[in-house]
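Geometric and topological summary
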Amino acid sequence: MANIKSQLKRIKTNALRTDRNRAVKSELRTWIRKFKAAAESGDASAAADALKVASAKLDKAVTKGVIHKNSAANKKSSMAKKAASL
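This write-up is about the structure you can find in this document. The shown structure was predicted, so the numbers you read here are calculated from the model rather than taken from an experiment.

What counts and how
Residues numbered from 1 in each chain as written. Predicted model: local features only at pLDDT ≥ 70, side-chain atom pairs only at ≥ 80, totals over all residues. Heavy atoms only, no water. Helix = DSSP H or I, 4+ residues; strand = E, 2+ residues; numbered from the N terminus. Rg over C-alpha atoms; globule rule 2.2 N^0.38 Å. Buried < 20%, exposed > 50% of the residue type's maximum accessible area, 1.4 Å probe, protein only. Contact = heavy atoms within 4.5 Å. Areas by Shrake-Rupley, 256 points an atom, 1.4 Å probe, with all protein chains shown as cover. Lys, Arg positive; Asp, Glu negative; His and termini not counted. Charge placed at Lys NZ, Arg CZ, Asp CG, Glu CD. Phe/Tyr/Trp six-rings, centres within 6.5 Å; stacked < 30°, edge-to-face > 60°. Lys NZ or Arg CZ within 6 Å of the ring centre and 35° of its normal. Salt bridge = Lys/Arg side-chain N within 4 Å of Asp/Glu carboxyl O. Expected span 1.5 Å × (residues − 1).

Looking only at helices and strands, one finds 3 helices and 0 strands in the protein. What you see in the protein, going N to C, is helices and strands ordered as α-α-α. At 17 Å, the protein has a C-alpha radius of gyration far larger than the 12 Å of a compact globule built from 86 residues. Principal axes of the C-alpha set define a box for the protein whose edges measure 60 × 20 × 15 Å. The buried share of the protein, reckoned over its 86 residues, is 19%. Sequence separation of at least 24 residues holds for 51% of the intrachain contacts in the protein that already meet a minimum separation of 6. Total accessible area on the protein is roughly 6300 Å²; 53% of this is exposed by carbon and sulfur atoms. In the protein, which carries 21 positive and 6 negative side-chain charges, the distance between the mean positions of the two groups comes to 12 Å.

Ring pairs (aromatic) are described by centroid distance and by the angle formed between their planes. Scanning all chains against the criterion turns up 0 aromatic pairs. When the ring centre of Trp-31 is taken as reference, the NZ or CZ atom of Lys-34 above it lies at 4.3 Å.

One pass over the full model with this rule turns up 3 salt bridges. Asp-19 is the salt-bridge partner of Arg-22, the closest N and O atoms lying 3.7 Å from each other. Taken together, the residues Arg-22 and Asp-19, both in helix α1 (residues 5-41) and 3 residues apart, mark about one turn of the helix. In this structure, Lys-57 and Glu-27 form a salt bridge, with 2.9 Å as the shortest nitrogen-oxygen distance.

Turning our eyes to something else, we now look at α1. For α1, which comprises 37 residues, the first-to-last C-alpha distance of 55 Å matches the rise-based estimate of 54 Å (1.5 Å per residue) to within 8%. Packed against the buried residues of α1 are α2 (44-63) and α3 (69-84). Count one or two residues on from α1 and you reach Gly-42, which has phi positive near 90 degrees.

Take it as geometry only, folks, not as evidence of what the structure does.
Structure, rendered in structure tokens:
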């Protein structure tokens, strides 16, 4: 364990950020999974709703610095492409 006061603070803040990032990524995966399930079942309206929510969650994750903007763009693009084919 660290002895330096600033390092103790960094350990605490890193733990908080790790927990937040883990929760955000988990929620992202959940919504992407919901979209894929709706798309595979052929339900266009449910897929469109899931796409809308997932896109918003991806954008929010980018602004919070949880994922890279290109990663979010690639995920949104592939989901939009799949939704358009329904």
